[in-house]
Amino acid sequence: MTHTPTPTPARGGLPLGLGAYLLWGAMPLYFPLLEPAGSLEIIAHRVVWSLVFCLALLAGTRTLTRYTAVFRQPRTLGVLAVASVLIVANWVTYVYAVLSDHVLDAALGYYINPLVTVLLGVVALRERLRPAQWVALGFGAAAVVVISTGVGGLPWISLVLAFSFGSYSLMKNRAGRTVDALPGLAVETTVATPLALAYLGWLTATGASTFGQEGAGHALLLMSAGIVTGVPLLLFGAAARRLPLSVVGMLQYLTPTLQFLVGLLVFGEHMSPTRWVGFGLVWVALVVLTVDGTQAARATRLAAAAGATAGRRS
């Protein structure tokens with residue numbers, strides 16, 4: 001009797017996943033290096049050089065056809081065009097948050113994002129929530145109310161980041177599994193590139209551009225935005241194919257946690273008692289959501305195993 005070893009899909013996946021989320025979490029340390037460029041100029045360069053980076057990788061791996069095929073699929077192209085608008089809005093808000101000393105607000109936004117994803121599932125996909133998910137949403141809503149009371153207004157940066165990325169994820173889901181991460185990002189940046197180039201051209205014409213005016217090092221840093229965008233995405237894509245979804249779900253909290261630590265310890269942003277309470281409520285919500293998701297996934301696996309066993313016996 002020949003024993004077939006069980007495949008280990010997680011092999012190498014954990015270092016890849018850690019690399020992706022740690023790089024995303026360290027982003028607040030990168031964008032200040034691009035000053036005196038403003039948020040919009042940085043994002044315009046990020047769009048253009050991300051496209052260059054993606055196309056170079058697609059050409060190098062001889063997979064350009066996966067990119068060009070999307071332009072022959074009007075529905076998929078339309079969905080990715082909406083995704084492009086959402087991710088650019090997310091990028092602009094995030095860079096603005098970093099450059100205006102609101103890294104903690106950015107971290108809060110990405111902590112809230114899983115809760116927003118659950119909420120969008122109800123609104124857009126008509127999903128039914130389990131009781132624990134409703135409890136988690138309640139804690140999340142309470143956190144927003146507490147923080148709003150403490151800062152004298154809605155934490156709009158956090159909410160824009162959470163809802164723009166949550167909606168972006170929804171659009172990517174609707175695009176289906178036929179479009180991989182790299183060609184998908186290439187299409188999204190292609191859609192945004194004409195506007196980005198027009199803005200960069202306007203900056204150059206008015207003498208407001210920093211590209212080429214602040215030395216070669218500054219220009220190279222702006223150009224590196226494509227690599228900084230693409231590399232963690234590739235690491236994530238490789239990790240997602242090797243790791244169970246539950247592990248990926250746990251790893252996602254590394255990014256806002258690192259952002260939180262950078263904002264608090266490196267940039268010295270102030271955390272008032274009210275904000276600590278608000279963050280605490282969000283963390284409780286995430287614990288509830290994670291425990292419930294883990295239990296639901298385990299129940300699904302057990303049910304599937306029981307069904308398979310019953311099928312073999314019959």
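Residues numbered from 1 in each chain as written. Predicted model: local features only at pLDDT ≥ 70, side-chain atom pairs only at ≥ 80, totals over all residues. Heavy atoms only, no water.

### Some words on the overall build of the protein chain
Now for step 1: Helix and strand content of the protein chain: 14 helices and zero strands.
Now for step 2: When its helices and strands are written in sequence order, the protein chain yields α-α-α-α-α-α-α-α-α-α-α-α-α-α.
Now for step 3: On C-alpha atoms alone, the protein chain measures out to a radius of gyration of 21 Å, which is about the 20 Å that the 2.2 N^0.38 rule sets for 314 residues.
Now for step 4: Counting only C-alpha atoms and orienting by the principal axes, one finds that the protein chain spans roughly 75 × 55 × 35 Å.
Now for step 5: Classification of the 314 residues of the protein chain by burial places 42% in the buried group.
Now for step 6: Contacts in the protein chain between residues at least 24 apart in sequence constitute 84% of all its contacts with a sequence separation of at least 6.
Now for step 7: Counting only carbon and sulfur atoms, one obtains 68% of the accessible surface of the protein chain, whose full area is about 16,200 Å².
Now for step 8: The averaged location of the 10 negative side-chain charges in the protein chain is 22 Å from the averaged location of its 19 positive side-chain charges. (Helix = DSSP H or I, 4+ residues; strand = E, 2+ residues; numbered from the N terminus. Rg over C-alpha atoms; globule rule 2.2 N^0.38 Å. Buried < 20%, exposed > 50% of the residue type's maximum accessible area, 1.4 Å probe, protein only. Contact = heavy atoms within 4.5 Å. Areas by Shrake-Rupley, 256 points an atom, 1.4 Å probe, with all protein chains shown as cover. Lys, Arg positive; Asp, Glu negative; His and termini not counted. Charge placed at Lys NZ, Arg CZ, Asp CG, Glu CD.)

### With respect to helix α6 (residues 103-125)
Now for step 1: With 23 residues, α6 extends 31 Å between its outermost C-alpha atoms, agreeing within 8% with the 33 Å of an ideal straight helix rising 1.5 Å per residue.
Now for step 2: Taken as a whole, α6 carries its principal kink of about 40° at Asn113; the proline Pro114 stands between one and four residues after it.
Now for step 3: Burial within α6 is extensive, with 17 of its 23 residues counted as buried.
Now for step 4: The positive-phi residue at the C-terminal boundary of α6 is Arg126, with phi of around 55°. (Expected span 1.5 Å × (residues − 1). Bend = angle between axes of the 7 residues up to and from the residue.)

### A few points about the nonpolar core
The tendency in soluble globular proteins is for nonpolar side chains to be buried side by side.
Now for step 1: Among the nonpolar cores identified, the biggest contains 45 residues, and Phe31, Ile42 and Tyr94 are the most heavily contacted of them.
Now for step 2: Those elements giving two or more residues to this core turn out to be α2 (27-30), α3 (39-60), α4 (64-70), α5 (74-99), α6, α8 (156-174), α9 (181-205) and α11 (225-240).
Now for step 3: Here the element with the most residues in this core is α5; it accounts for ten residues.
Now for step 4: Sequence-distant contacts of Ile42, that is, excluding residues within four places in its chain, are made with Phe31, Leu34, Ala37, Val95, Leu99 and Leu222.
Now for step 5: Core analysis: the second largest hydrophobic core is formed by 26 residues, Leu120, Ala162, Phe260 and Leu286 among them. (Core = buried A, V, L, I, M, F, W, Y, C linked by side-chain atoms within 4.5 Å.)

### Comments concerning the packing of α3 against α9
Now for step 1: Two numbers describe how α3 lies on α9: the axes approach to 7 Å, and their chain directions differ by 140°. Classed by the angle they form, the pair α3 and α9 counts as oblique. For the pair α3 and α9, the sense of crossing is left-handed.
Now for step 2: Taken together, the residues of the contact of α3 with α9 break down into 18 nonpolar, five polar and one charged. (Axes fitted to C-alpha atoms, helices over the stretch in contact; angles between N-to-C directions. Parallel < 35°, antiparallel > 145°, perpendicular 65-115°, else oblique. Left-handed = near helix turned anticlockwise from the far one by under 90°. Nonpolar A, V, L, I, M, F, W, Y, C, P; charged D, E, K, R; others polar.)

### Some points on the pattern of salt bridges
Now for step 1: Tallying each qualifying case throughout the model produces four salt bridges.
Now for step 2: The salt bridge involving Asp180 is made with Arg66; its shortest N-O contact spans 3.0 Å. Of this pair, Asp180 sits in the loop between α8 and α9 while Arg66 sits in helix α4, placing them 114 residues apart in sequence.
Now for step 3: Residue classification places Asp180 among the partly exposed residues on the basis of a relative accessible area of 35%.
Now for step 4: Classification of Arg66 by relative accessible area gives partly exposed; the value is 47%.
Now for step 5: Two residues, Arg275 and Asp105, come together in a salt bridge whose shortest N-O distance is 2.8 Å. Here Arg275, found in helix α14 (residues 273-313), pairs with Asp105, found in helix α6; they are 170 residues apart in sequence, far enough to count as distant. For the pair Arg275 and Asp105, a shared accessibility class is recorded, and that class is buried. (Salt bridge = Lys/Arg side-chain N within 4 Å of Asp/Glu carboxyl O.)

### Digging into the packing of aromatic side chains
Now for step 1: A full pass over the atoms with the stated rule returns 18 aromatic pairs.
Now for step 2: Seen from their ring centres, Tyr30 and Phe31 are 5.2 Å apart, and the 65° between their planes marks the pair as edge-to-face. Summarising the burial analysis for this pair, Tyr30 and Phe31 share the class buried.
Now for step 3: One aromatic cluster is present, built from ring pairs that chain together Tyr30, Phe31, Tyr94, Tyr110, Phe165 and Tyr168.
Now for step 4: Sitting over the face of the ring of Trp91, Arg46 holds its NZ or CZ atom 4.1 Å from the ring centroid. (Phe/Tyr/Trp six-rings, centres within 6.5 Å; stacked < 30°, edge-to-face > 60°. Lys NZ or Arg CZ within 6 Å of the ring centre and 35° of its normal.)

### Looking at a nonpolar patch on the surface
Now for step 1: A cluster of nonpolar side chains, contributed by Leu29, Leu261, Leu265, Val266 and Phe267, occupies part of the molecular surface with about 450 Å² of accessible area.
Now for step 2: Here the element with the most residues in the nonpolar patch is helix α13 (residues 254-266); it accounts for three residues.
Now for step 3: Looking at the element boundaries, Leu265 is found in helix α13. (Patch = residues over 30% accessible without salt bridge, like charges linked within 9 Å, V, L, I, M, F, W, Y side chains within 5 Å.)

### Comments concerning the environment of Phe279
Now for step 1: Residue position: Phe279 is located in helix α14.
Now for step 2: Residues Phe279 and Leu104, spaced 175 residues apart in sequence, show a C-alpha to C-alpha distance of 9.8 Å.
Now for step 3: Setting aside residues up to four positions removed in sequence, Phe279 forms contacts with Leu104, Leu108, Tyr111, Ile147, Phe260 and Met271.

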